[in-house]
Amino acid sequence: MTTFPTARAVRTTPEGLLWEPSERWVRGLKDDVTVVDSRHPVLVWEPDVPVPLYAFPRDEVREDLLRPAKNPPTGTHTGSRIFYDLEIDGEIVENAAWTFPAADLADHIAFEWFRRVGRGLDHWYEEEEEIFIHPRDPQKRVDAIPSSRHVVVELDGTVVADTRRPVLVFETGLPTRYYIPRDDVRLDLLDHTDHSTGCPYKGTARYWSWRTDADVPPNIVWSYPDPLPAVAAVKGLLAFYNEAVDITVDGERQQRPVTPFTTMLSMPSPE
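Residues numbered from 1 in each chain as written. Predicted model: local features only at pLDDT ≥ 70, side-chain atom pairs only at ≥ 80, totals over all residues. Heavy atoms only, no water.

Lay out the pairing of strand E18 (residues 190-199) in plain terms, naming residues and giving numbers.
Pairing of E18 with strand E19 (residues 203-210), which is carried by seven bridges, proceeds in the antiparallel orientation. In the strand pairing of E19, His192 is matched with Trp208. Hairpin remark: E18 followed by E19, antiparallel, with three residues in the connecting loop. (Pairing = 2+ DSSP bridges. Helix = DSSP H or I, 4+ residues; strand = E, 2+ residues; numbered from the N terminus.)

Please give an account of the pattern of salt bridges that cites residues and values.
Inspection of every chain in the model, using the stated rule, returns 22 salt bridges. Across the pair Glu126 and Arg24 runs a salt bridge whose closest N-O atoms are separated by 2.8 Å. Placement of Glu126 in strand E11 (residues 123-126) and of Arg24 in the loop between strand E2 (18-21) and strand E3 (26-30) is noted, with a sequence separation of 102 residues between them. For Glu126, a relative accessible area of 4% puts it in the buried group. We classify Arg24 as partly exposed; its relative accessible area is 36%. With a shortest N-O distance of 2.9 Å, Arg165 and Asp184 are connected by a salt bridge. Here the residue Arg165 occupies a position in the loop between strand E15 (158-163) and strand E16 (167-171), and Asp184 occupies one in the loop between strand E17 (177-179) and E18, the gap between them amounting to 19 residues. Taking relative accessible area as the criterion, Arg165 reaches 44% and is therefore assigned partly exposed. Among the charged side chains, a network of salt bridges with common partners joins Arg24, Glu126, Glu129 and Arg136. (Salt bridge = Lys/Arg side-chain N within 4 Å of Asp/Glu carboxyl O. Buried < 20%, exposed > 50% of the residue type's maximum accessible area, 1.4 Å probe, protein only.)

Summarise the environment of Ala244; cite the residues concerned and give the values.
Looking at the element boundaries, Ala244 is found in the loop between strand E21 (238-240) and strand E22 (246-249). Residue class for Ala244 comes out buried when judged on its relative accessible area of 11%. Separated by 175 residues in the primary sequence, Ala244 and Ala69 place their C-alpha atoms 42 Å from one another. When neighbours within four sequence positions are excluded, Ala244 is seen to be in contact with Pro217, Ile220, Arg256 and Leu265. (Contact = heavy atoms within 4.5 Å.)

Worth remembering: the numbers are spatial, not functional.
Structure, rendered in structure tokens:
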């Protein structure tokens, strides 16, 4: 008989790392080459980094593809000293992998994710589902709930959306996002852009910008045309960054929240 603990089996290392075993089957690929195929991964949280990453037992990693790093960024990743370059068919990906300095994790190797930092492995899968940017946090919830609240969105003083049939997305650590049917959005005031992002909880988003010359950040509206099953209710609906627009819910004006996206939205666009 297997006895399951009633609390998370989270460990803490002297270096300040948090880690716990995961029962998910995880695979990581570079191009079409499987570099990681693990049924015993561990989730690792670095100090002051809000999202986790995976580390894998060495015998579940293609170590034959790893080379001692020529230019290791020693001291990054919580003081790591051992880094690896990844070589596949003559192509070198510098500092694609490393080992943490913690004794608990000495026999594990972690990898960068290309879509997060611009280098590392291209594709990651949990079981048969592809995930993006970073692993899912087992302590994070994302709930998409249909509602009848009256939501009005204003941009630069203009009403750009007005609905009584939104889907509210409650995501741990973020403000409530209001997803609005297209018929209730002034799409004539928005321009579709080439920008896209990936989310491990929701899928791949596409974006729109405010059409006028007003001082409004670009890419403040997004939609998931093919969301992951857990948030299927948002398919095709549009959401606005609360940080950059004025949202009124049931007659009550919402304060603009301050989140990590606030800084991103305030950065000037590249010329």
